[in-house]
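An overview of the molecular structure
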Amino acid sequence: PFFMNAGAYTTGEQLHRLGLYYAQAINEAFGLDFDVVFGPAYKGIPLAVSTAAALARIYGLDKPFLFNRKEVKDHGEGGSLVGYSPADGDRILVIEDVITSGAALRETMPVLLNAAKVNVTDRFISVNRCEVGKGGQKTAVMEVKEEFGIDVHALVTVRDVREYLADSQFDPALIAAMDAYMADYCI
C-alpha cells in the first residue's frame, strides 16, 4: 500500500532540503570524520550529490563524491565509477533512498572494493521500510549489518510515516492497509 519514490524529488529546493537532512543525519549518527560520499546508481546519485553540497554548505566540509554506472563504459573516463577515484584507506559513506532486500548494496560493494582497499561502514537512507529481508527472519537492515558490517541509518522509518499520516488524519483506509502490510511484512 506504500512506495517510497525518490524519483519524485524533482526540484532544486526538494533536493536541497533532502541533502540538508542527510548531512544532519550523518553529523548526528556518524560525525564528520569520513572521506567520500557514494551514491549507487541510479537514485543514489542525486542524493549523494545533494548531500555532498549540503555538507559543504552547512559544515564547511568539502568532501568528494562518486557514483557508479550500471554499465561499464569503455571510452571517455571509462570504467563503472564516476567522480572521485577511491584510494586505499578511504572511508566511504553510502547514500541511498531505501533498503528493501539489500540487493543494491550487494551489487555495489564489489565495485567499491575492487576500486581500492576502502572501508564502507555506514549507509544512510531516506526511509527504512522495516521489511523482512531475503532470509525471512530479520530485516534487510539487520542482514546488511551481518553480511557487510555496515550500519544503516534512516532519516525516517515506515512507522514514522504511518504515525505522521495518522496524526494528519490522512485517508483511514490507507492507514489500515499500511497497518495490515506492516503486520505481515515488517519487523
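Report on the accompanying structure. (Residues numbered from 1 in each chain as written. Predicted model: local features only at pLDDT ≥ 70, side-chain atom pairs only at ≥ 80, totals over all residues. Heavy atoms only, no water.)

Overview of unusual backbone geometry
Using the following cut-off: Only DSSP runs of H or I with at least four residues qualify as helices, and only runs of E with at least two residues qualify as strands; both kinds are numbered from the N terminus onward.
Along the chain, A41 connects to Y42 via a cis peptide bond; the corresponding omega equals 0°. Assignment of secondary structure puts Y42 in the loop between β1 (36–39) and α2 (44–59). Unusually for a residue other than glycine, Q169 sits at a positive phi of about 55°. Residue placement: Q169 occurs in the loop between α5 (158–167) and α6 (172–185).

A look at the side chain of S126
Under the convention used in this document: A 3.5 Å cut-off defines polar contacts: any pair of N or O atoms within that distance qualifies, except that in protein one atom must be a possible hydrogen donor and the other a possible acceptor, and neighbouring residues in sequence count only when both atoms are side-chain atoms. In this description, contact between two residues means that some pair of their heavy atoms is separated by no more than 4.5 Å.
Structurally, S126 is set in strand β5 (residues 119–128). A distance of 2.6 Å separates a polar atom in the side chain of S126 from a polar atom in the side chain of Y22. What S126 contacts, discounting residues up to four positions off in sequence, is M4, L18, Y22, E96, D97, A154, L155 and V156.

Some points on the environment of M4
Note that M4 resides in the segment before α1 (12–29). Along the sequence, M4 and D97 sit 93 residues apart, while their C-alpha atoms lie 8.0 Å from each other. Setting aside residues up to four positions removed in sequence, M4 forms contacts with Y9, D97, V98, S126 and V127.

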